[in-house]
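Residue-level listing of the chains:
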Amino acid sequence: MSVSAVTDRLPVFPWDKLTPFKKTAAAHPDGIVDLSVGTPVDPVPEVIQKALVAAADSPGYPTVWGTPELRDAITGWVTRRLGARDITHRHVLPVVGSKELVAWLPTQLGLGPGDRVAYPRLAYPTYEVGARLARAAYEFYDDPTELDPEGLRLLWLNSPSNPTGKVLPQDDLKRIVAWARSHGVLVFSDECYLELGWEADPVSVLHPDVNGGSYDGIVAVHSLSKRSNLAGYRAAFLAGDPAVLGPLLEIRKHGGMMTPATTQAAAVAALDDDAHVRVQRERYAARRESLRAALLAHGFRIEHSEASLYLWATRDEPCWTTVAHLADLGILVAPGDFYGESGKNFVRVALTATDERVQAAVKRLS
């Protein structure tokens, strides 16, 4: 068997298609404004940096389940911030950033040919990649309760959505969770943008008003990449059904999927401190307001975008035409078709650029 037997299952890596447009944007006399990849640019909060440095002398292997302090920090945060009840260490599991979890989850769950994975019509491409790696079937939905439950082993929810910023109302989450449970379908809810609600207040599947006080068949995925500027640290975690997380812990032990000890210490500091999250939210809110106004004045229409780190924008033309138009202005954005065919007339505009670069974009759009 050759390596290509695996790579042949995968789609073309989408970001490579942006390379020529990045070159065009970079040729702008005042430089590129890169609003394509949602990667944080602001400083890592000092309280987190100090925790990382203090843990620098960590010669031993970390544990996959994390330190008791990290598990305490996670259980405390999901209780305080998400309204979860009766969360114990058995209900949580650190992961090495959320992307590896999404990509390898179907494989770690034992899915394969004959099993099905479903995700939103417009979605983070790695949900599909995870199914492909496991050789499972995959499909998208508008309303998951209209799916055929036969053979459906994993249902991905994503609220707030990447790329659209759409937020699922509490009643919809409650209805979907009830439907999934009635059919024995496992729900994983990607809630990595939950701290970034602007015109909506996102609710977690861990909230008792959604799950009825039971975590059976549900797991929430959370990340510190966006809320705490920790994309470079690879810090994320799962919370939910111990009957799911227990076996995953054992599998990940065998696979050596350990969050570094320094990152674990930093994550404790990040989860225990709410002040830096408020500061970062204010930065993103100001950038969002400036970019939103500039895009609207430039002739764009913005749909959803009530939460997350993106504006889902259109000029009612093919997305690559819009990408080329903005690249000529020195602005790089992500084409909507990266996230599904129905995004073909949209672009995703990230809020993750410095204040100076955002103002440069606003000036060019005007």
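Residues numbered from 1 in each chain as written. Predicted model: local features only at pLDDT ≥ 70, side-chain atom pairs only at ≥ 80, totals over all residues. Heavy atoms only, no water.

So, on to the sheet that holds strand β13 (residues 346-350). Across the sheet, which stays open at both edges, the four strands sit in the order β9-β10-β13-β12 with antiparallel pairing between neighbours. Edge strands, defined here as strands with exactly one partner in the open sheet, are β9 (301-303) and β12 (334-335). Relative to β13, β12 is paired through two bridges, and the arrangement is antiparallel. By the bridge assignment, Ala 334 is partnered in β13 with Arg 348. This element, helix α11 (residues 275-297), spans β9, β10 (310-314) and β13 of the sheet and lies at about 5 degrees to β10. In the packing of helix α12 (residues 319-328) onto the sheet, contacts are made with β12 and β13, and the angle to β13 comes to roughly 45 degrees. (Pairing = 2+ DSSP bridges. Helix = DSSP H or I, 4+ residues; strand = E, 2+ residues; numbered from the N terminus. Contact = heavy atoms within 4.5 Å. Axes fitted to C-alpha atoms, helices over the stretch in contact; angles between N-to-C directions.)

The way to describe two aromatic rings as a pair is by their centre distance and the angle between their planes. For the coordinates displayed, the defined rule picks out twelve aromatic pairs. When the ring of Trp 15 is compared with that of Phe 338, the centres are 5.1 Å apart and the planes differ by 80 degrees; the resulting orientation is edge-to-face. Residue Trp 15 is found in the loop between α1 (4-7) and α2 (19-26), and its partner Phe 338 is found in the loop between β12 and β13; the two are separated by 323 residues along the sequence. Residue class for Phe 338 comes out buried when judged on its relative accessible area of 8%. In textbook terms, an aromatic cluster arises when at least three aromatic residues are bridged by ring pairs, as seen for Trp 15, Phe 21, Trp 312, Trp 320, Phe 338, Tyr 339 and Phe 346. Arg 315 extends its terminal NZ or CZ atom over the ring of Phe 300, reaching a point 5.8 Å from the ring centre. (Phe/Tyr/Trp six-rings, centres within 6.5 Å; stacked < 30°, edge-to-face > 60°. Buried < 20%, exposed > 50% of the residue type's maximum accessible area, 1.4 Å probe, protein only. Lys NZ or Arg CZ within 6 Å of the ring centre and 35° of its normal.)

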